[in-house]
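Close look at the chain arrangement
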Amino acid sequence: MTEHTVEFVGTGETIQVSDKRTILQGCIDAGIAQEFSCRVGMCLACSAEIIEGEVTQPAARALTEEEAESYALTCMARPQSDLVLDRGKYPPSIEDAATDATDAAADD
Ligand code: FES
């Protein structure tokens, strides 16, 4: 078991998370208000952009292979190195879908 430092951009929060635990578990233990919902890698509520470092997240089914290189689903992701994460950041495909839905609603 190896402990890694996980730093969150813009919040000043830093926690230690074992490579055997998820980042979300580390946040909950530390009292950090990381958003989550399904906890099974499907809803993207717990998404964070990976600024530095590597995670393993084979069960992050809501992310494409390409997205999983830049985004972590913290309910599934386990640190493989020290990390810098930007919480509440979502893959561009999700941001585009939200924008399209907003535009469609505005057209009605
Ligand atoms: S809480 Fe749903 S994907 Fe992580």
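A short tour of the structure in this document, coming up. Bear in mind the structure is a predicted one, so any value in this text is a computation, not a measurement.

**Some details on the side chain of H4**
- By the secondary structure assignment, H4 is in strand β1 (residues 3-8).
- Residue H4 is classed as buried on the basis of its relative accessible area of 10%.
- Sequence-distant contacts of H4, defined by excluding residues within four places in its chain, comprise I15, Q16, V17, D19, P79, Q80, S81 and D82.

**Thoughts on the pattern of salt bridges**
- Under the definition given, this model contains two salt bridges.
- As a salt-bridge pair, E13 and R87 come within 2.6 Å of each other at their nearest N and O atoms. Taken as a pair, E13 in the loop between β1 and β2 (14-18) and R87 in strand β7 (residues 83-87) lie far apart in primary sequence, 74 residues in all.
- For the salt bridge of R21 with D29, the shortest nitrogen-to-oxygen distance reads 2.4 Å.

**Points about unusual backbone geometry**
- Of note in this structure, R39 is not a glycine but carries a positive phi near 60 degrees.
- We note that L44 has phi near 75 degrees; this positive angle belongs to a residue other than glycine.
- Summarising the element assignment, L44 is placed in the loop between α1 (23-30) and β3 (47-52).
- Take L44: its relative accessible area is 9%, and that puts it in the buried class.

**Things to note about α1**
- Among the residues making up α1, those that are buried are I23, L24, G26 and C27. The arc enclosing the buried residues of α1, seen along the axis, measures out at 160 degrees, which places them on a common side.
- Directly after α1, the chain includes G31, whose backbone phi takes a positive value near 75 degrees.

**With respect to the side chain of D19**
- Looking at the secondary structure, you find D19 in the loop between β2 and α1.
- Although D19 lies buried, it forms no salt bridge, and the closest oppositely charged side chain, K20, sits 4.4 Å away as judged by the N-O distance.
- Among residues more than four places away in sequence, those in contact with D19 are M1, T2, H4, R78, P79 and Q80.

**Re the pairing of β2**
- Where β1 meets β2, five bridges bridge the pair, whose relative direction is antiparallel. Bridge pairing in β2 links E3 to S18.
- Linking β1 to β2, which pair antiparallel, is a turn of five residues; within it G10 sits at a positive phi near 80 degrees.

Parameters at a glance
Residues numbered from 1 in each chain as written. Predicted model: local features only at pLDDT ≥ 70, side-chain atom pairs only at ≥ 80, totals over all residues. Heavy atoms only, no water. Helix = DSSP H or I, 4+ residues; strand = E, 2+ residues; numbered from the N terminus. Buried < 20%, exposed > 50% of the residue type's maximum accessible area, 1.4 Å probe, protein only. Contact = heavy atoms within 4.5 Å. Salt bridge = Lys/Arg side-chain N within 4 Å of Asp/Glu carboxyl O. Arc of directions from axis to C-beta. Lys, Arg positive; Asp, Glu negative; His and termini not counted. Pairing = 2+ DSSP bridges.

This is a description of form; function is not addressed.
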